[in-house]
Amino acid sequence: MSWIADHHKPLLISGPCSAETEDQVIETAVRLQKTGQIHVFRAGIWKPRTRPGAFEGVGKIGLQWLQKVKEITGLPVMVEVANSDHVEACLNAGIDILWIGARTTVNPFAVQEVADTLKGVDIPVFLKNPVSPDLELWIGGMERLLNAGLQKVGAIHRGFYFSGEKVYRNRPQWQIAIDFKTAMPNIPMINDPSHICGRRDMLGKIAQQAIDLDFNGLMIESHIQPDDAWSDAKQQVTPEVYANIIHQLIIRQPEHQVSNEAIEYLERLRKKIDLIDDEIINILTSRMEIVREIGHYKKDHNIVILQSQRWKEILEKFIKRGHDAQLSEEFISKIIKSIHDESIEQQEKIMSKRQSDQDI
Ligand code: PEP
Ligand code: MN
């Protein structure tokens, strides 16, 4: 159960990355409302930009434009805040919902400042994940909001910065969002495909994945002339394209609403998975027993732990067999690398034990 009403699942949030002009804000909101696919209107008015000199938001004047959006469309409005001045300005302007951005979540001082300013205020606040893939920092930020007494809090998953080959602007790393949900099951989780994708063509795919993972809502940036947007132009879509993305989503039913027959069917398969999981543990235990035996032998005969050629062969074998079994190279290499790491760790422990320790 979450504080977001059931009929608002998925909660649909859209609007421009940045408020640019009064006309742009109002036209975006009116066109979004016409599609019928929106519950909350968003706009950034203070923009934390990576480099100085980029457009840093219109500032407080944007709050008046959002008030007009409320009057005209009746939609609740949502703004990003990063410090106490922002919070106070938003509260004075009757902004309905706040969010804390990814570059602010990385800074516990800033999150604490926002939380302290909100003590005693009953306003929904969403916390984006930090830019870096740091689950603890995200959870810690949420704890600061909860400790300030805020009841209506939510998390926004917007992906994580990484360097290297880029399909996504920010890698989804869904497992971190799932870990957050596991650690804080009562906190609703929204997905932000725009900042994950950084481009238009994949928004629908990421949005669907979020729905499939039972996320509580979506935040997708929209703009009346996306190509001319003053920030995040590549990832914004028109209100109509946004609505089409939402329209095409397949909304899944939560498990507690499905038939007994379906539940029994799933239970049966889950029992099989439990048995396989037990086997995995048993197999890993046996593997590590042999690894330790080898470790003792290598220690006694003064042989190095890492045999590079053998490791290369194991890795290649796994990738090849994984490929035959339709398992991605990324997945299978992660698994075997992790097993290999643990094996080295276990042998290291044996090697580094001094004779005197063993005698004790
Ligand atoms: C935004 O939502 O426009 C934004 C700045 O996002 P993030 O904090 O996720 O980068
Ligand atoms: Mn943006």
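Provided above is the structure to which this section pertains.
Residues numbered from 1 in each chain as written. Chains lettered and ligands numbered in written order. Predicted model: local features only at pLDDT ≥ 70, side-chain atom pairs only at ≥ 80, totals over all residues. Heavy atoms only, no water.

Glancing now at the site of ligand 1. Neighbouring ligand 1 are Cys17, Arg42, Lys47, Glu80, Trp99, Gly101, Ala102, Arg103, Lys128, Arg158, His195 and Glu221. One of the side-chain nitrogen or oxygen atoms of arginine 158 is found 2.6 Å away from an oxygen atom of ligand 1. Within the side chain of glutamate 221, an N or O atom sits 3.2 Å from an oxygen atom of ligand 1. Across the complex, the protein chains shield 98% of the 300 Å² of accessible surface that ligand 1 would expose by itself. Within the shell around ligand 1, the residues separate by chemical class into three nonpolar, two polar and seven charged. (Near = heavy atom within 4 Å. Polar contact = N/O pair within 3.5 Å; in protein donor to acceptor, adjacent residues only side chain to side chain. Areas by Shrake-Rupley, 256 points an atom, 1.4 Å probe, with all protein chains shown as cover. Nonpolar A, V, L, I, M, F, W, Y, C, P; charged D, E, K, R; others polar.)

Turning next to helix H2 (residues 61–73). With 13 residues, H2 extends 19 Å from end C-alpha to end C-alpha; this agrees with the ideal 18 Å at 1.5 Å per step. All of the buried residues along H2 are Gly62, Leu63, Trp65, Leu66, Val69 and Thr73. Buried residues along H2 cover an arc of 160° about the axis, so they all sit on one side. Residues of H2 that are buried sit in contact with helix H1 (22–35), strand E2 (40–42), strand E3 (77–80) and helix H3 (84–92). Residue glycine 74 follows H2 closely and has a positive phi angle near 75°. (Helix = DSSP H or I, 4+ residues; strand = E, 2+ residues; numbered from the N terminus. Expected span 1.5 Å × (residues − 1). Buried < 20%, exposed > 50% of the residue type's maximum accessible area, 1.4 Å probe, protein only. Arc of directions from axis to C-beta. Contact = heavy atoms within 4.5 Å.)

Moving on, we get to the pairing of strand E5 (residues 125–128). Looking along a regular strand, one sees the side chains alternate between the two faces of the sheet. Every second residue of E5 is oriented toward a common face, with Val125 and Leu127 on one face and Phe126 and Lys128 on the other, all of them buried. Sheet analysis places strand E4 (residues 97–100) next to E5, joined by three bridges and oriented parallel. Directly across from tryptophan 99, in E5, lies its bridge partner phenylalanine 126. Bridge count for E5 against strand E6 (residues 153–157) is four bridges, and the pairing is parallel. The partner of valine 125 across the bridge, within E6, is valine 153. Tracing the backbone out of E5, into helix H6 (residues 135–147) and back to the parallel element E6 gives a crossover that is right-handed. (Pairing = 2+ DSSP bridges. Right-handed = clockwise from strand over helix to strand, strands pointing away.)

Here the focus is the side chain of asparagine 129. By the secondary structure assignment, asparagine 129 is in the loop between E5 and H6. Here the side chain of asparagine 129 touches arginine 158 through a polar contact of 2.6 Å, landing on its backbone nitrogen. Asparagine 129 has contacts with Ala102, Thr105, Trp138, Ile156, His157, Arg158, Gly159 and Phe160, leaving out every residue within four places of it along the chain.

As a further point, take the packing of H1 against helix H10 (residues 239–247). Two elements in contact, H1 and H10, have axes separated by 9 Å at closest approach and are oriented at 30°. Classified by the angle their axes make, H1 and H10 are roughly parallel. The two elements H1 and H10 cross, and the hand of that crossing is right-handed. Where H1 approaches H10, its residues Thr28, Arg31, Leu32 and Thr35 are matched on the opposing element by Pro239, Glu240, Tyr242 and Ala243. Of the residues assigned to the contact of H1 with H10, the class counts are four nonpolar, two polar and two charged. (Axes fitted to C-alpha atoms, helices over the stretch in contact; angles between N-to-C directions. Parallel < 35°, antiparallel > 145°, perpendicular 65-115°, else oblique. Left-handed = near helix turned anticlockwise from the far one by under 90°.)

Evaluation of the coordinates by the stated rule reveals five aromatic pairs. Ring plane angle 75° and centroid distance 6.4 Å describe the contact between tryptophan 138 and phenylalanine 160, whose orientation is recorded as edge-to-face. A residue pair is termed long-range when its members are at least 10 positions apart, and tryptophan 138 in helix H6 and phenylalanine 160 in the loop between E6 and helix H7 (174–183) qualify at 22 residues. Take tryptophan 138: its relative accessible area is 0%, and that puts it in the buried class. Centroid distance tryptophan 138 to phenylalanine 180: 4.5 Å. Interplanar angle 40°. Geometry classified as tilted. One end of the pair, tryptophan 138, is in helix H6; the other, phenylalanine 180, is in helix H7, and 42 residues separate them in sequence. For the pair formed by tryptophan 138 and phenylalanine 180, the shared burial category is buried. Taken together, the aromatic side chains of Trp138, Phe160 and Phe180 make up a single cluster linked through ring pairs. Geometry around phenylalanine 162 places lysine 166 over its ring, the cationic atom sitting 5.0 Å from the centre. Geometry around phenylalanine 162 places arginine 171 over its ring, the cationic atom sitting 4.4 Å from the centre. (Phe/Tyr/Trp six-rings, centres within 6.5 Å; stacked < 30°, edge-to-face > 60°. Lys NZ or Arg CZ within 6 Å of the ring centre and 35° of its normal.)

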